[in-house]
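Next come the chains, spelled out residue by residue.
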Amino acid sequence: MNTLLAIFAHPDDESLVAGGALARYAAEGWRTALICATRGEWGPISDESLADYENLGEVRERELRAACDVLGVSWLRFLDLEDGSLSALDGDEEQATLEKITRAIRELRPQIVITFGPDGLYGHGDHVAIGRLTTRACALANDANAFPQHPDQGLAPCRAPELLYATAPQGFYPRLIERLAETGHETHLWGIPPEQFGVPPEEITTTYDITPFLDRKLAALRCHRTQLDDSHVFSRLTQGLAAQIFNHEFFRIAEEPDGRPERAR
Ligand SMILES: [Zn+2]
């Protein structure tokens, strides 16, 4: 069975940058899997009737499980790391995290892995770090000298998967905010300046038209209720407007250090 494994930092990352891809591959009969490094327990709380900082991690785990159901993600694993800590892991923690990600890759043997690239979508330290760790783990999975205890546990080295970095072209998110403003809604993206999102358009190597899966992507995003206050873009974005300006997902094929694409699609 073909497998797509997405590896992200927080509940909602998967729906935001890869919800359409996850739904599409699931619909095509692939097994789709997700590793979420943290439970986003220090994220915003849109409505204090939904959660507080005693239980936000638990609530966001439930939100993520609901989003996975919507997207057809059938395998979910948390790395149980603290929200906001990924760029400051010490040597032992980093090694343990690499082992966990490599273990999952050897277990699932995915053809494709999706994570964040060095841009971290908008420079978020956790995003940058999970992308870097995942990139490393994809290479380690294929290295027989890495984690020599694995083969005894039934986890043989496997071919490095094709690695895609999820992002957006610069201008994509500002356009969403502008178009919503034209309909009379002042909206925001978690309070982050929209021009911070994305990479120069010429860096995008792979664009998916997710129109057939847009309803699922929006429904999955809206499972993350604690993250969406009333003036959030995804509280206001209608299906009709989304079909015009939110119907694509964007990726960069990760390159090997010599600049050669790992594998052409
Ligand atoms: Zn995130």
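Residues numbered from 1 in each chain as written. Predicted model: local features only at pLDDT ≥ 70, side-chain atom pairs only at ≥ 80, totals over all residues. Heavy atoms only, no water.

**A look at the overall build of the chain**
A count of helical and extended segments in the chain gives 9 helices and 7 strands. Rg of the C-alpha trace for the chain: 18 Å, near the compact-globule value of 18 Å for 265 residues, within the 12% margin. Projected onto the principal axes, the alpha-carbon positions of the chain cover approximately 60 × 45 × 35 Å. When burial is assessed residue by residue, the chain has 53% of its 265 residues classed as buried. (Helix = DSSP H or I, 4+ residues; strand = E, 2+ residues; numbered from the N terminus. Rg over C-alpha atoms; globule rule 2.2 N^0.38 Å. Buried < 20%, exposed > 50% of the residue type's maximum accessible area, 1.4 Å probe, protein only.)

**Regarding unusual backbone geometry**
Outside of glycine, negative phi angles account for most residues, and trans bonds account for most peptide bonds. A positive phi is found at arginine 109, a non-glycine position, where the angle reads about 50°. As for its placement among the helices and strands, arginine 109 is situated in the loop between α3 (91–108) and β4 (112–116). Despite not being glycine, tryptophan 190 shows a phi value in the positive range, around 50°. By secondary structure assignment, the location of tryptophan 190 is in the loop between α6 (172–182) and β6 (206–209).

**Quick notes on the coordination of the zinc ion**
The protein atoms that coordinate the zinc ion are His10 (ND1), Asp13 (OD) and His127 (NE2), at distances of 2.1 Å. Mapped onto the sequence, the donors of the zinc ion take the spacing H-x2-D-x113-H. Taken together, the residues span a long stretch of sequence, with aspartate 13 in helix α1 (residues 13–27) and histidine 127 in helix α5 (residues 125–140) at a distance of 114 residues. Looking at histidine 127, the relative accessible area reads 2%, which means it is buried. (Donors = N, O, S within 2.8 Å, 3.2 Å for Na, K, Ca; no water.)

**Side note on α5**
For α5, spanning 16 residues, the distance from its first C-alpha to its last is 22 Å, which sits close to the expected 22 Å at 1.5 Å a residue. Residues of α5 that are buried include every one of Asp126, His127, Ala129, Ile130, Gly131, Leu133, Thr134, Ala137, Cys138 and Leu140, and no others. (Expected span 1.5 Å × (residues − 1).)

**Quick look at helix α7 (residues 214–223)**
Inspection of α7 places Leu214, Lys217, Leu218, Ala220, Leu221 and Cys223 among the buried residues, and these make up the whole buried set. Buried residues belonging to α7 abut α1, α2 (56–71), α8 (233–236), α9 (239–245) and β7 (248–253). (Contact = heavy atoms within 4.5 Å.)

**Examining the confidence of the model for the chain**
Per-residue confidence for the chain gives a mean pLDDT of 96; residues scoring 70 or more make up 96%. Counted against residues more than four places away or in other chains, residues 258–262, with its pLDDT under 50, gives 8 contacts. (pLDDT = per-residue confidence, 0-100.)

**Focus: the environment of glutamate 93**
Along the chain, the position of glutamate 93 falls in helix α3. In this structure glutamate 93 comes out as partly exposed when scored by relative accessible area, which is 38%. Sequence separation between glutamate 93 and arginine 222 is 129 residues, and the spatial gap between their C-alpha atoms is 32 Å. A polar contact of 2.8 Å, which involves the side chain of glutamate 93, links it to the backbone nitrogen of aspartate 90. (Polar contact = N/O pair within 3.5 Å; in protein donor to acceptor, adjacent residues only side chain to side chain.)

**Regarding the nonpolar core**
Ile114, Tyr173, Phe234 and Phe246 are the most contacted members of the largest nonpolar core, which totals 86 residues. If one sorts the elements of this core by residue count, α1 sits on top with 7 residues. Once residues within four sequence positions are removed from consideration, phenylalanine 246 is found in contact with Phe172, Tyr173, Leu176, Ile210, Leu214, Lys217, Leu218, Leu221, Phe234, Leu237 and Leu241. (Core = buried A, V, L, I, M, F, W, Y, C linked by side-chain atoms within 4.5 Å.)

**A look at the packing of aromatic side chains**
All chains considered together, the criterion is met by 12 aromatic pairs. Ring centres of phenylalanine 8 and phenylalanine 116 lie 4.9 Å apart, and the angle between their planes is 70°; this geometry places the pair in the edge-to-face category. Of this pair, phenylalanine 8 sits in strand β1 (residues 3–8) while phenylalanine 116 is found in strand β4, placing the two residues 108 residues apart along the sequence. Phenylalanine 116 carries the same exposure label as phenylalanine 8, and that label is buried. Members of the aromatic cluster, connected to one another through ring pairs, are Tyr122, Phe172, Tyr173, Trp190, Phe197, Phe234, Phe246 and Phe250. Directly above the aromatic system of tyrosine 25 lies the positively charged group of arginine 24, at a separation of 5.4 Å from the ring centroid. Note that arginine 39 overlies the ring of phenylalanine 78, its terminal NZ or CZ placed 4.2 Å from the centroid. (Phe/Tyr/Trp six-rings, centres within 6.5 Å; stacked < 30°, edge-to-face > 60°. Lys NZ or Arg CZ within 6 Å of the ring centre and 35° of its normal.)

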